[in-house]
Amino acid sequence: MQKPTEEELFAAVDELLTGEPELPQPAERARLREAAGVSQARLAEVLRTTKQSVKNWESGRSEPRAPRRQAYLRLLEGWAVQYPAESAPVPETFTGPTTDANMPPAPGDQAGTPAPVARPETNSPPSRSTSAPSRPAGPVRPTSMSRRPAKPRAAAPAVDPRFPNGPLAVLDGDGTAYCLGGVLLDCPASTIPQLVDWVLKESGIGAARLNRHGNDSDPLIVLTESAAARFGLPAHLEDRRGLRLAEDHPVVKQVAKAKWKLTQRGFGPWPRIYRPAQKSQRQCVQLAILPWDALDTRAWGDAATLHPADLARVLGVFATRVLTPRGSTAVTGLELMTALRPPTRPVKDEASGEWVSGPNPGALTSAMDPAPPEAPPEHPVAQGWERGFLDEEAYQWVRDPNLLSDEECLLPWAVGIDINTAFLAAAARLTVGLSEPVHVTAPAFDKKIPGVWLVDLSHIELDPRLPSPFTSNGQRPQGPAWYATPTLAYAEELGYEIRPIEAYVREETGAYLDPWHDRLKDAYLTTTAEMGIPVDKDADPAVFLEAMALHKTCAAADEDNVEGLRAALRELAGPCGDAARLAAANDAELAALTSRHRQGAMVLSAVKSTVKGGIGKLRERPQGRHYNDGERWPALERPTWNALIRALVISKARVNMHRKMAKLAALIGLYPLAVLSDCVVYASHGPSPLDFLPRNGDGTPVYGTFRIGANPGFCKLEGVQEMAWAVDLIEQGYNPARHIKGGGHDAVMDEGE
C-alpha cells in the first residue's frame, strides 16, 4: 500500500470528525419521494442503484454509502424545501383513551374553523355510552396491556392546513359532526345543499392527494339514521335494484335547484355531489348513508351500529392509512390505484409553451380492450371468439377420497391455515402490462413478459395428492389452454419446456401495483400491531398464534357480557400468559379491551376487502337485467378496467400457494386435504399449525414452506375440526376448507366482485 501524505491523512481525519451526512428518517424519505410523485424505480435510475436498494433505504433496512449518500441527501433536502412537513398531532388510533364527551375539547387550531362543541346526551344509542373522545391537549400514550413488542410507529403524516379536522365526519341527527381525534363540530345545515356548502367552506374536512399529479380526496360525511331523517331522506331505499332515489324526490330536486350535480350513480348509498372544478379546485362532497347499508357488513362487520364517535375512529383510521372510502371497499381499492398512480400529469407543449395534460409514465393512462381470451365471454371483443378463454382463478379443490391414506384418516385433527392477504403478497414486485395486447404466433416464452399464452400442458403428470398448479379446480389440464405468465413461469421452474402456440403480450410493462401494495401492506401491519400482535417476520410463531387468538376472542366478545369474555380468556393458553393476566382485569378494562379489538378487527377486515375487491374490480362485469352480450358497459371506459392484471395477480397467488404445498410434501410427505382460495386444510396429530409445519433445529421455519406470521404471504390459523368431520365432508363431495372455521362462518371464493 502506498504511503499516504500528511495532507491526505488530515483530510481523512477531518472527514471522520465531520461525520457522514445525516439523512432524514426512513419514513420521511418515503414521504418526500411520494410528495414529489417520483417512483422508487425512477429514483433508483437517477441514483444509479436498484429499486430494492431504494426500498431498503425507505424502510430503514440499510443506508446508502458515499458518494450516493451525498447525492441522495441533496435530493431529499431539495424536496423538503418544496414539500415541507407540517407539525402534526398524533392521530387517534385504537390505543388512545376515551374521555367524557361533556368535557370541552381543545379549541380548533385554525382560524375560521368551526369551534368544536360538546356532545349532548340526547340521541345516543341505548346500548352505547354517550361518551365520546375529545381531542387531547397532547399525545397521550396509555400503558399497554400486552408485553409483546409492537411494530414501530411510522412518522405521523403531515397535516394539510386546509383539512385540520381530518378526512371525514360522522354526522348525527342533532347536528354534531364527529371527526377523527375526538373533534366535534356543530353543523347548522338542515338541507343537503346547505350541508355541502358547510363541508366545503367551513368544516376543514378533507385529505391531501397521495400523488402530486392526483386529486385531493373529497371530504366524506357519513349520515346516521337520525341525520338522514333530518335532511328528509327515507329510512330505506324503495328502489332496491337501482339503489337510488327517484329523480322527482324532494332531496334530488333540492340538489338540482342549488346548481349541484350528482354522478351517474345518482343519490344512492354513496352519493357524490359536485360542481365543475374552478381554477383546478374540486368542489365535491362524498356522502355515505348508513341506513341504506352504505357499509357492507362483509367488509366492515357491524361498524354501522357503532356510536358515531367510534365509527368516526374506525373510518378515520382506515382513511388515513388507506384512502377516504369512496363507496364499497372494491371501489376504494380501485380508486387507491388511481390515487397513487394517476393516469395523467402536466406536460409542457413544446409548440405553444403551455402546460397540458399528458400520460403519466408507469400508470394505466387510457381505457384499453383486452385480448379476446382475456375477456369475459360477454365482452364485445369476445363475440365470435372460439379459441378458448383464460381461466386464472383461485383454487377450489378437494382431494379424491380414494387417495386418503388410513394413516391420515386416523389422525385426530383437520387444521386449516389461511394465507394473509394472498392477493396483496402476489401484487408485490409484479410486472404487469400497461399497453395494448400484441398478438404473436409461436413465440418463445419469456417469464419477464406479462401476457396470456396458448400452451398444451396436458402431458405434465404431477402427484394427484396435490392440486395441479395450472388449473383453478386442481385437475390435470386437458389439451391446449390459455395461461397467464406466472403460471407458465412456474411450469418452467418445475423443469418443463414451454412451447406456446400463440400469445397476446404487452410491450410496455411496469410494476404498476407496487405503491398500492406498499400502502395496503403498511396499513395492514400497522393496525395488526396496534392489536398487540407481533408483526416482525422473525416473531415467535407460538406468540403470534396466541396473540391472534386473544385478538379474535376479544373482537368477538360482547361488551355487555364481561364475565363471558373473562371465562373465554381463561381458556386460552400460550407462552406469554397474556390471556390469563387479562382475565384478572377489572370490568372497565375488559370492556375497553373488547371495544379496541372489535374496532381494530373492523379496520383489518376492510383492508383485506379492499385488497380482494380492488383486484376483482379490475374485471368488473356488466350489471343490470337489461344487459345484452356484446354491448359495452360503463366500467370498460376507465383505464383501470384491466382483466390481465387481475389474472396475473390470481395466477401468482395460486402458484405461490402450490410452491409451499409441494415443498411441504417433499420434506415430510404431508399433502393437503382441500384448498379454497387462500385456505388449505391438513390432517394433523395436534390442533395447531405448529403440530405439523416443519422447523429447523433452532426452531425457525423451514425456508419455502408455510410460515406463520402477520406479513402478507405468511399464514395464520383458520380453524380446527375433527378429522372424521373432514373425511365425511370429502366423501360427500364438499370442501372442508369452506367450513373449517365452524360456527356457521363459511368461507367464500375470493373473486373480488
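Please read all numbers here as calculations on a predicted model, not as lab measurements. (Residues numbered from 1 in each chain as written. Predicted model: local features only at pLDDT ≥ 70, side-chain atom pairs only at ≥ 80, totals over all residues. Heavy atoms only, no water.)

Draft legend 1. Looking closely at the packing of helix α16 (residues 541–556) against helix α19 (residues 587–617). For the pair α16 and α19, the least separation of the axes is 7 Å and the interaxial angle reads 105 degrees. With respect to α19, the element α16 is oriented roughly perpendicular. Contacts from His551, Cys554 and Ala555 in α16 reach Leu593, Thr594, His597, Arg598, Ala601 and Leu604 in α19. For the contact of α16 with α19, the class distribution of residues is five nonpolar, three polar and one charged. (Axes fitted to C-alpha atoms, helices over the stretch in contact; angles between N-to-C directions. Helix = DSSP H or I, 4+ residues; strand = E, 2+ residues; numbered from the N terminus. Parallel < 35°, antiparallel > 145°, perpendicular 65-115°, else oblique. Contact = heavy atoms within 4.5 Å. Nonpolar A, V, L, I, M, F, W, Y, C, P; charged D, E, K, R; others polar.)

Draft legend 2. A look at the pattern of salt bridges. Summed over the entire model, instances satisfying the criterion amount to 34 salt bridges. Residue Arg659 pairs with Glu493 through a salt bridge whose shortest N-O separation is 2.9 Å. With Arg659 in helix α20 (residues 643–668) and Glu493 in helix α14 (residues 485–493), the pair connects residues that are 166 residues apart, well separated along the chain. (Salt bridge = Lys/Arg side-chain N within 4 Å of Asp/Glu carboxyl O.)

Draft legend 3. Inspection of helix α2 (residues 26–36) at higher detail. Buried residues of α2: Pro26, Arg29, Ala30, Leu32, Arg33 and Ala36, and no others. Summarising the axial view, the buried residues of α2 lie within an arc of 165 degrees, below the 170-degree limit, and thus occupy one face. Where α2 is buried, its residues touch α3 (40–46), α4 (51–59) and α5 (68–82). Once α2 finishes, Gly37 follows within two positions and takes phi at roughly 70 degrees, a positive value. (Buried < 20%, exposed > 50% of the residue type's maximum accessible area, 1.4 Å probe, protein only. Arc of directions from axis to C-beta.)

Draft legend 4. Inspection of the confidence of the model for the protein chain at higher detail. Mean pLDDT over the protein chain: 87, with 85% of residues reaching 70 or higher. Here residues 97–156 is modelled with pLDDT under 50, and outside its nearest four sequence neighbours on either side it reaches 122 contacts, counting other chains as well. (pLDDT = per-residue confidence, 0-100.)

Draft legend 5. Main features of the environment of Leu168. Here Leu168 is to be found in strand β1 (residues 168–171). Spatially, the C-alpha atom of Leu168 lies 8.4 Å from that of Ala207, the residues being 39 residues apart in sequence. When residues no more than four places from it in sequence are discounted, the contact partners of Leu168 are Tyr178, Cys179, Leu180, Ile205, Leu220, Ala312, Leu315, Gly316, Ala319 and Pro325.

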